[in-house]
Amino acid sequence: MKPAPFAYHAPATLEEALELLDRHGFDAKALAGGQSLVPAMNFRLAAPAVLVDLNRIGGLAGVHPEGKALRLGAMVRQRTLETHPLIASHAPLLAETMPHVAHVQIRNRGTLGGSLAHADPASELPAVLVALGARFRCRSVRGERWVPAPEFFLGLFATALEPGELLVEVELPPRSARSGWAFDEVARRHGDYALAGAAAGVRLDEAGRCQSARLVLMGVGEGPVTIAEAGSLLEGQAPTPDLVRAVGEAARVGVDPSSDIHASAAYRRHLAGVLARRVMTRACTRAGAAGLGGT
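These numbers come from a predicted model, not from an experiment.

Caption draft 1: Quick peek at the overall build of the protein. Along the backbone of the protein there are 12 helices and 14 strands. The C-alpha radius of gyration computed for the protein amounts to 19 Å, which stays within 12% of the reference 19 Å derived for 295 residues, consistent with globular compactness. C-alpha extents for the protein along the principal axes are approximately 60 × 45 × 30 Å. The buried share among the 295 residues of the protein stands at 51%. Partitioning the contacts of the protein with sequence separation of at least 6, the portion at a separation of at least 24 is 62%. With the model as given, the accessible surface of the protein reaches about 13,400 Å², and the carbon-plus-sulfur share is 52%. Each charge sign in the protein was given a centre, from 31 positive and 29 negative side chains, and these centres are 5 Å apart.

Following this line, the structure appears as structure tokens:
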């Protein structure tokens, strides 16, 4: 199929892109990697009257330290997230996740900002950025604002972006000492959308007690699902197999997934518990916790 007719703009500056998006409002769509938008246009699931191509704009694809934090431009390609040494050292959870995202040909074109703004509930990046405690810089002709990752995702394919506003940068907080991370998912085939997935981050103190724990699930709700009980169960405690099993059970009973042709709600709920237990065990072990056994 072919897309509906549209006007095409390829601005050379961010200011020009923002002016175009502001002028055309809901009729305009920004084009980043195009791995979701272009197929949707071809099937006429999306029919923007105006397409604003961001690929000629310099400065939106940088990876650079900012104090102890790390900033990533919205046009950073997903393959760069997978291979860049700064990302591997600063946010190993992100680097570990990327090989699960589609196939390398898709990652060569797909962008960080495009995936986040698309907000597919089965997408890995929204869940991982929430687990990392990231924040997003959004810009429009009216100025800019920073939005914490948990407040950015509002529901099914819905974000906090306002008409005429672009996600332009992601900031990752400093990586703490004695921290651990893990990501895992279950898909019918490698590269398919996951039936469910989980991302975890843990920080321990010098005595081996948990200072903080984050667990975020994907594919089991209308967006990233944070399991708050992971923190309440683990914080202040030395991680044990029983505590990790309790986190898995909290994840299983704390989600309300839907059924589709790929998996039933009951199976997705089961996966939520299994994956939560698996990633939390691995994250605690990498942080230095003893006696948790396998992954």
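Caption draft 2: Representation of the pattern of salt bridges in the model. A complete count under the given rule lists 19 salt bridges for this structure. Close ionic contact of Glu-82 with Arg-107 constitutes a salt bridge, the shortest N to O distance being 2.8 Å. Of the two residues, Glu-82 is situated in helix α3 (residues 78-83) and Arg-107 in helix α6 (residues 104-109); the sequence distance between them amounts to 25 residues. A single burial state applies to Glu-82 and to Arg-107, both of which are buried. For Arg-286, the salt bridge goes to Glu-96, with nearest N and O atoms at 2.7 Å. In this pair, Arg-286 sits in helix α12 (residues 265-287) while Glu-96 sits in helix α5 (residues 92-97), placing the two residues 190 residues apart along the sequence. Judged by relative accessible area, which is 35%, Arg-286 ranks as partly exposed. Among the charged side chains, a network of salt bridges with common partners joins Arg-71, Arg-135, Arg-137, Glu-144, Glu-169 and Glu-171.

Caption draft 3: Structural view of the pairing of strand β10 (residues 166-172). With 7 of its 7 residues buried, β10 lies for the most part within the structure. Where strand β5 (residues 69-73) and β10 come together, 4 bridges link them in antiparallel fashion. Each residue of the ladder has a partner; that of Gly-73, found in β10, is Glu-169. With 5 bridges connecting them, strand β6 (residues 135-140) and β10 associate as antiparallel partners. For Arg-137, the partnering residue across the bridge sits in β10 and is Glu-169.

Caption draft 4: Structural detail: the packing of aromatic side chains. In this structure the tally under the stated criterion is 3 aromatic pairs. Here the aromatic rings of Phe-136 and Phe-153 are separated by 6.1 Å at their centres, their planes lie at 85 degrees, and the arrangement is edge-to-face. Note that Phe-136 is positioned in strand β6 and Phe-153 in strand β8 (residues 153-155), a separation of 17 residues in sequence. Its relative accessible area of 0% is what places Phe-136 among the buried residues. For Phe-153, a relative accessible area of 11% puts it in the buried group. Centroid distance Phe-152 to Phe-153: 5.1 Å. Interplanar angle 85 degrees. Geometry classified as edge-to-face. Both residues of the pair, Phe-152 and Phe-153, count as buried. Cluster of aromatic residues (ring-pair linked, three or more members): Phe-136, Phe-152 and Phe-153.

Caption draft 5: Spotlight on the nonpolar core. If you look at the biggest cluster of nonpolar residues, it comprises 38 residues, and the most contacted ones within it are Leu-72, Leu-81, Leu-94, Leu-116, Leu-129, Phe-136 and Leu-172. Among the elements that make up this core, the one with the highest residue count is helix α8 (residues 124-131) (6 residues). Among residues more than four places away in sequence, those in contact with Leu-72 are Gly-62, Val-63, Leu-81, Ile-87, Leu-94, Leu-112, Glu-169, Val-170 and Leu-172. Grouped together as the second largest cluster of nonpolar side chains are 34 residues, Ala-200, Leu-215, Ile-227 and Ala-263 included.

Caption draft 6: Fine view of the pairing of strand β13 (residues 210-218). Relative to β13, strand β12 (residues 196-204) runs antiparallel, the two sharing 8 bridges. In the strand pairing of β13, Gly-197 is matched with Met-218. The sheet contact formed by β13 and strand β14 (residues 225-226) spans 2 bridges and is antiparallel. Of the residues in β14, the one forming a bridge with Leu-217 is Val-225. Here β13 hands over to β14 after 6 residues, with Gly-219 in that stretch at a positive phi of 80 degrees.

Caption draft 7: Main features of helix α1 (residues 14-24). If you check which residues of α1 are buried, you get Leu-14, Ala-17, Leu-18, Leu-20 and Leu-21. Mapping the buried residues of α1 onto a view down its axis gives an arc of 160 degrees, with all of them on the same face. The elements touched by buried residues of α1 are β1 (7-9), β2 (28-31), β3 (50-53), β6 and β10. Following α1 by one or two positions, Gly-25 has its phi on the positive side, about 55 degrees.

What counts and how
- Residues numbered from 1 in each chain as written.
- Predicted model: local features only at pLDDT ≥ 70, side-chain atom pairs only at ≥ 80, totals over all residues.
- Heavy atoms only, no water.
- Helix = DSSP H or I, 4+ residues; strand = E, 2+ residues; numbered from the N terminus.
- Rg over C-alpha atoms; globule rule 2.2 N^0.38 Å.
- Buried < 20%, exposed > 50% of the residue type's maximum accessible area, 1.4 Å probe, protein only.
- Contact = heavy atoms within 4.5 Å.
- Areas by Shrake-Rupley, 256 points an atom, 1.4 Å probe, with all protein chains shown as cover.
- Lys, Arg positive; Asp, Glu negative; His and termini not counted.
- Charge placed at Lys NZ, Arg CZ, Asp CG, Glu CD.
- Salt bridge = Lys/Arg side-chain N within 4 Å of Asp/Glu carboxyl O.
- Pairing = 2+ DSSP bridges.
- Phe/Tyr/Trp six-rings, centres within 6.5 Å; stacked < 30°, edge-to-face > 60°.
- Core = buried A, V, L, I, M, F, W, Y, C linked by side-chain atoms within 4.5 Å.
- Arc of directions from axis to C-beta.

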